Amino acid sequence: MRLWGGRFRKKPDEVAHEFTTSLPFDRRLAEHDIAGSIAHARMLGHCQIVTAEEARQLEAGLERVRAGLSSGELELDSASEDIHTEIERLLGAQVGALAGKLHTARSRNDQVALDLRLFLREEIDSLRQGIAALQKTLVDVAERNMEVVLPGYTHLQRAQPVLLAQHLLAYFNMFQRDRERLADCRKRVNVCPLGAAALAGTSFPVAPSFVAEQLGFEGVFANSMDAVSDRDFVLEFLADASVAMVHVSQLSAELVLWSSAEFGFVRLDDAWCTGSSIMPQKRNPDVAELARGKAGRVLGDLVGMLAVAKGLTLSYNRDYQEDKEAVFDAVDTLFGAVEAVREMVATAAFDAERTEGALSKGFLTATEVADYLVRKGLPFREAHGIVGQVVSFCEKQGTAMEDLTIEEWRSFSREFGQDIPEYISPRGAVAAKASPGGTAPARVKEQIAAARKLLKE
Ligand code: ARG
């Protein structure tokens, strides 16, 4: 079946059909297409564009199509051009020629925009829940491991000791922003385009706000040409999904690095690792690697859609059909990666001995020593220079700051006292970072409480 053809003398070429059909992927919109059509049928009745009885029959027929598709009694026919054509064909089998009235005052242009908005609105809600579950896991794992101290890095060089909890809560914050971005995007997704018809509006006395209300939309389009060609909501979603995938990718990269023999900070659960077909000893973090790598797909979805939209003239162009696969792929990839990373983090075993061991070499508390001298009245820059000499001395001797005698300390500055060892212990350094948002246990506990509150909202 085709929704057009009256003016054609030939049937579409088989290859042209294969090339242009969207049914292989837009079948995923079937539920939403039916929901949108039911709202449209009701509106047609409400506005007396069809009779009340006709509207009732159309709705009942659409309900039967919905039930038939979900039970498997009805099947989609791949000869149709798209899901909209196919639903109308199935409706025809239920209500006969009356099905032909459903498309009054509607075009597939406003219809497909509606379907995609309905789809995305629902998926954004699930994605936000999925991300919240990952955030909760991060907070739980942070709280369970409050004793674990590890090197914090800059430039991937050991920098200063931090709590593992502080490190994990950094990711909590990234994912919080991702959820906020998606919530904000949802506002612009949640605008109903139905009633724009092909591009110019319609000569029938339609009520777009009636349809919007039926479908729970917050707003109605303001301009019919914009309504059928606006894909900003798609671009925005793909951008938000890309940022979220970058975060997933970064967390995964840490797990890959930390689970290596060189680091050994974490042992990923067997269920989240795979073996090698040739090296019997191998235990590879493939799930983390894929969660890292799949960010590339979603970034590609975004760039691909930007390239499709760029340079398009108003209003609807068939190019826009490309939006669906990009959106579906981004939704599935992000959802899958968030779920996998959540489980991996939840089941990971952190090795406090290894993280602690990584703190002993590398002068991670050198800043503490400089701060010590500042508290005795030295300008920070001068203190920095003195501690630099201490570090250089230790490196030459092949010792750590912990091994220096008090006499050796005092040879660098008379200000060093008996209490200096307290300041160079990693735990002492962590406890001292009590500035707002710092890694001191008290501050981290505040962050955990605040995070739990955010998750309850
Ligand atoms: N499959 C099409 C799409 O995804 C549906 C809209 C077709 N509209 C048209 N005028 N050919 O965009």
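Further up the page is the structure itself.
Here the structure is a predicted model, which means the values were calculated and not measured.

Student: Please explain the pairing of strand β1 (residues 149–154) as it appears in this structure.
Tutor: Regular strands show a simple pattern: their side chains alternate between the two faces of the sheet. Here β1 pairs with strand β2 (residues 157–163) via six bridges, running antiparallel. Looking across to β2, one finds that V149 is bridged to L163. Taken together, β1 and the strand that follows it, β2, pair antiparallel across an intervening segment of two residues, in which H155 is found at a positive phi of about 55°.

Student: I'm lost on the site of the ligand in this one. Help?
Tutor: In the neighbourhood of the ligand, the contacting residues comprise S22, D82, H84, R108, N109, V112, Y316, Q321 and K324. A distance of 2.4 Å separates an oxygen atom of the ligand from a polar side-chain atom of Y316. At 2.8 Å from a nitrogen atom of the ligand is found a side-chain nitrogen or oxygen belonging to Q321. Protein contacts shield 87% of the accessible area of the ligand, which totals 340 Å² for the unbound molecule. Looking at the shell around the ligand element by element, the count peaks at three residues for helix α6 (residues 108–144).

Student: Is there a simple way to explain the pattern of salt bridges in this structure?
Tutor: Here the idea is simple: oppositely charged side chains can pair when their charged atoms come close. Tallying each qualifying case throughout the model produces 28 salt bridges. R452 serves as the salt-bridge partner of E143, at 2.7 Å between the closest nitrogen and oxygen. With E143 in helix α6 and R452 in helix α20 (residues 441–456), this pair connects stretches of sequence that are 309 residues apart. You can call E143 partly exposed: its relative accessible area is 42%. Note on R452: relative accessible area 25%, which makes it partly exposed. In this structure, the salt-bridge partner of E446 is R443, at a minimum N-O distance of 3.0 Å. Of this pair, E446 and R443 both sit in helix α20, three residues apart, which is roughly one turn of that helix. E446 sits in the partly exposed class, given a relative accessible area of 45%. The class of R443 is partly exposed, set by a relative accessible area of 23%.

Student: Explain helix α12 (residues 295–309) here, please?
Tutor: Every α-helical turn comprises 3.6 residues, leaving residues that sit three or four positions apart pointing alike. Here α12 spans 22 Å end to end across 15 residues, near enough to the 21 Å set by a 1.5 Å rise per residue. Within the span of α12, buried status applies to A295, V298, D301, L302, M305 and V308. Within α12, the buried residues cover an arc of 160° as seen down the axis, which keeps them to one side. Facing away from the buried surface of α12 by more than 90 degrees, the exposed residues are V303 and A307. On the buried face of α12, the contacting elements are α10 (232–258), α11 (286–293) and α13 (323–347). Trailing α12 by a residue or two, G311 shows a phi angle of about 80°, which is positive.

Student: Sorry if this is basic, but what is going on with the environment of E180 here?
Tutor: Within the element layout of this structure, E180 appears in helix α7 (residues 164–189). Taking the relative accessible area as the measure of exposure, E180 reaches 47% and is therefore partly exposed. For the pair formed by E180 and R128, sequence separation is 52 residues and the distance between their alpha carbons is 8.6 Å.

Student: Where do I start with the packing of aromatic side chains in this structure?
Tutor: Counted according to the given criterion, the structure contains ten aromatic pairs. An angle of 45° between the planes, with centres 6.0 Å apart, marks the rings of Y153 and F263 as tilted. Note that Y153 is positioned in strand β1 and F263 in the loop between α10 and β5 (266–267), a separation of 110 residues in sequence. What makes Y153 partly exposed here is its relative accessible area of 24%.

Calculation notes
- Residues numbered from 1 in each chain as written.
- Predicted model: local features only at pLDDT ≥ 70, side-chain atom pairs only at ≥ 80, totals over all residues.
- Heavy atoms only, no water.
- Pairing = 2+ DSSP bridges.
- Helix = DSSP H or I, 4+ residues; strand = E, 2+ residues; numbered from the N terminus.
- Near = heavy atom within 4 Å.
- Polar contact = N/O pair within 3.5 Å; in protein donor to acceptor, adjacent residues only side chain to side chain.
- Areas by Shrake-Rupley, 256 points an atom, 1.4 Å probe, with all protein chains shown as cover.
- Salt bridge = Lys/Arg side-chain N within 4 Å of Asp/Glu carboxyl O.
- Buried < 20%, exposed > 50% of the residue type's maximum accessible area, 1.4 Å probe, protein only.
- Expected span 1.5 Å × (residues − 1).
- Arc of directions from axis to C-beta.
- Contact = heavy atoms within 4.5 Å.
- Phe/Tyr/Trp six-rings, centres within 6.5 Å; stacked < 30°, edge-to-face > 60°.

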